Structures are given as structure tokens and as C-alpha cells.
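# Coordinate analysis (summary)
Now for the letters of each chain:
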Amino acid sequence: MFYDILAKFYDIIFPKNLTIYKFLDNYVINQPSNILDIACGTGQYSIAFAQKGHNVYGIDNNKNMIESAINKAQLASIIVTFDIFDMMQLNLYNIQIFDFIFCIGNSIAHIKSIDELNNFFTNIYNKLKDNGYFVVHIINYQNKNIFDKNFFPIISRENLQFIRWYEPSDNSGEIIFKAKLIHENKEYSISNILLMLDVKQIYNYLQMKFSKVELFGDYNYSPYDINSNSAIFVCQK
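This one's a predicted model, so the numbers in the text were calculated from it and none came from an experiment. (Residues numbered from 1 in each chain as written. Predicted model: local features only at pLDDT ≥ 70, side-chain atom pairs only at ≥ 80, totals over all residues. Heavy atoms only, no water.)

### Focus: the pattern of salt bridges
Applying the stated rule across the entire model yields five salt bridges. Between Lys-178 and Glu-167 there is a salt bridge, with the nearest N and O atoms lying 3.3 Å from each other. With Lys-178 in strand β8 (residues 174-183) and Glu-167 in strand β7 (residues 160-168), the pair connects residues that are 11 residues apart, well separated along the chain. (Salt bridge = Lys/Arg side-chain N within 4 Å of Asp/Glu carboxyl O. Helix = DSSP H or I, 4+ residues; strand = E, 2+ residues; numbered from the N terminus.)

### What about the packing of helix α2 (residues 18-25) against helix α3 (residues 44-51)?
The packing of two helices is summarised by the inter-axis angle and the distance between the axes. Relative orientation of the contacting elements α2 and α3 amounts to 55 degrees, with a least axis distance of 11 Å. Put simply, α2 runs oblique to α3. The hand of the α2/α3 crossing is right-handed. Contact residues: α2 offers Ile-20, Tyr-21, Leu-24 and Asp-25, while α3 offers Tyr-45, Ala-48 and Phe-49. (Axes fitted to C-alpha atoms, helices over the stretch in contact; angles between N-to-C directions. Parallel < 35°, antiparallel > 145°, perpendicular 65-115°, else oblique. Left-handed = near helix turned anticlockwise from the far one by under 90°. Contact = heavy atoms within 4.5 Å.)

### Some points on helix α4 (residues 63-75)
Side chains three or four residues apart in an α-helix point the same way, a direct result of the helix having 3.6 residues per turn. Here α4 contains 13 residues, and its C-alpha end-to-end distance of 18 Å stays within 8% of the 18 Å for a straight helix at 1.5 Å per residue. As for α4, its buried residues are in contact with α1 (2-13), α3, β2 (55-60) and β3 (81-84). N-cap assignment for α4: the residue whose side-chain oxygen lies 3.0 Å from the backbone N of Asn-64 is Asn-62. (Expected span 1.5 Å × (residues − 1). Polar contact = N/O pair within 3.5 Å; in protein donor to acceptor, adjacent residues only side chain to side chain.)

### Quick look at the sheet that holds strand β6 (residues 155-157)
Across the sheet, four strands lie side by side as β6-β7-β8-β9; this open sheet has antiparallel pairing. Both edges of this open sheet fall to β6 and β9 (186-195), since each of them pairs with a single strand only. For this sheet, the mean angle separating the axes of adjacent strands, direction not counted, is 15 degrees. Taken together, the nine bridges between β7 and β8 define a ladder with antiparallel strand orientation. Each residue of the ladder has a partner; that of Leu-160, found in β8, is His-183. (Pairing = 2+ DSSP bridges.)

### What to know about the nonpolar core
If you look at the biggest cluster of nonpolar residues, it comprises 56 residues, and the most contacted ones within it are Ile-38, Ile-108, Phe-120 and Phe-134. Among the elements that take part in this core, α1 stands out by supplying seven residues, more than any other. Not counting residues within four places of it along the chain, the set of residues in contact with Phe-120 comprises Ile-38, Met-87, Met-88, Ile-108, Ile-111 and Phe-134. (Core = buried A, V, L, I, M, F, W, Y, C linked by side-chain atoms within 4.5 Å. Buried < 20%, exposed > 50% of the residue type's maximum accessible area, 1.4 Å probe, protein only.)

### Comments concerning the environment of Leu-75
Relative to the helices and strands, Leu-75 resides in helix α4. Overall, Leu-75 belongs to the exposed group, its relative accessible area being 77%. In the structure, Leu-75 is positioned 33 residues away from Ile-108 in sequence and 30 Å away in space, judged by C-alpha atoms.

### Description of unusual backbone geometry
With an omega of -5 degrees, the peptide bond between Gln-31 and Pro-32 qualifies as cis. For Pro-32, the position within the fold is in the loop between α2 and β1 (34-38). Within the chain, Asn-159 stands out as a residue other than glycine whose phi angle is a positive 65 degrees. Even without being glycine, Glu-184 reaches a positive phi, approximately 50 degrees. With respect to the element layout, Glu-184 can be found in the loop between β8 and β9. When its relative accessible area of 59% is taken as the criterion, Glu-184 is described as exposed.

### Here we look at the packing of helix α5 (residues 114-127) against helix α6 (residues 199-209)
Taken N-terminus to C-terminus, the directions of α5 and α6 make an angle of 35 degrees; their axes are 11 Å apart at the nearest point. Where α5 crosses over α6, the two elements pack in a sense that is right-handed. In contact with Ile-114, Leu-117, Asn-118, Phe-121, Thr-122 and Tyr-125 of α5, α6 contributes Gln-201, Ile-202, Tyr-205, Leu-206 and Lys-209.

### Comments concerning the state of the cysteines
Applying the stated rule across the entire model yields zero disulfides. This cysteine, Cys-103, is not joined by any disulfide, and Cys-40 carries the nearest cysteine sulfur, 10 Å off. Look at Cys-103 and you get buried, because its relative accessible area is 0%. (Disulfide = S-S within 2.5 Å.)

### Focus on the sheet that holds β3
Spatially, seven strands are ordered β3-β2-β1-β4-β5-β11-β10 in an open sheet, and the strand pairing comes out mixed. Only two strands of the sheet have a single partner each, and these edge strands are β3 and β10 (212-216). In this sheet, adjacent strand axes meet at a mean angle of 15 degrees when their direction is disregarded. Strand direction decides the pairing type here: β10 and strand β11 (residues 230-236), joined by five bridges, are antiparallel. Looking across to β11, one finds that Val-213 is bridged to Cys-235. Sheet strands in contact with α3 are β1, β2, β3 and β4 (98-103), and its direction is about 170 degrees off that of β2. Lying on the sheet, α4 is in contact with β2 and β3; it crosses β3 at an angle near 165 degrees.

In C-alpha cells, the structure reads:
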């Protein structure tokens, strides 16, 4: 329900970020490339890559997000293949292999276990062409301020507010994500249990799988450290 509501306001809350787009585009080597956007939301980056002539596929498990993405692509007269699809079933998705795959927005924290996460990375590897790139972004849960209510800034735009924060879980390996969307005096909220992602653990696993792995703390290529808010892994097959 919450993500269905969020889909209506997604582009207002999270407009396409040129810094993120340029970062991703830096790893699109071939023209045209086959590109897969995992957890694509309303498809801002999928559409942007398609506008540059790439063959783009976007998947998300939320019907409303995908419907919004399809409508936007149609309005822009852009061809993108958008599908409602579970990223954990990536081995069953399409016969394509891809030059570039990306998954941003901390989406992999919704995966239920470390074993499932490792399977996800294996499927990514198998879906990439030789020398292809995979970019994945997560929130740095090792940051000492992760449970600070001000860790995320409040987003206020066009008569709405979007507020996010984390709380500790009683279960080891989990973290609680909470969010509120306030619009025209109506409030929608969510509380999700997410996988407590460990940057070092993910880095070590990716290094065993990919020929090259780089780690950044933001989309400006800042080196990652324990105080970074994000961890961005750039992996080459």
C-alpha cells in the first residue's frame, strides 16, 4: 500500500539526479549497450539511457511504479521494456545478457538473507557480458549516525513531506526502516525489516566473483570510509 502511494509522488520526491546519471553513464562503454535497471521505480534512469539510443530494460516488483514508468516512456516516445519482476528471479528474466546492470536506492536491502544476496550477485554475474559493469548502491549501515533521526534530510516539495529513518532491530542482521509521507493533511507510513548490509562483507564477496571491484562513498567518486552515508560498488566482469 505505502509503495503504491509513493509511486504517485516518486518523481517529485526523487527527481532524476544528474550526478547519479553521469556516474552511471561513465560505465556504459558500448554504443548502443544492453542495459538493465533493477528496482527501476518510475524509470527515470532507464528512460534517460534509452534517450541516448541504448536498449534498456527496467524491472520492479511494484505494479504502480512500472505503470508510471511505461506511461512516462510512452509520453516521451521512447522505447523501454518495463516489467513487473522480482529481482530474486533474475536468472529467469529475459534471454538477454547485458553490457551494464545497475541497482541503486539501497534496493538490495529488501533481499531476505545473505544467502539470497549471494545468489542475487551470482545471477548478476551470469547476466553480464564479459568486461561488462555492475553498479550497486547501498546505505552504509556501519555509519555511527545511522540511527540518528536526521541521518536523512526531510524532503519537502509541492505540499508534501517525506521523512525516513532507521531503528535497531531485536534480531541480529536486521534493521528497521520507517518512513512517513505527508500530503494534503493525509499521512501514510511504513515500517519494514531490512537486511543489515555489511559493506566489508559485500565487498569481499564481490571481489571473489568479479575481476575488478571499486568502492566509493558517494556519486562524486569520494573514497568510501566508515563515515560515508552510502557505499557504491562498481564491479567489472
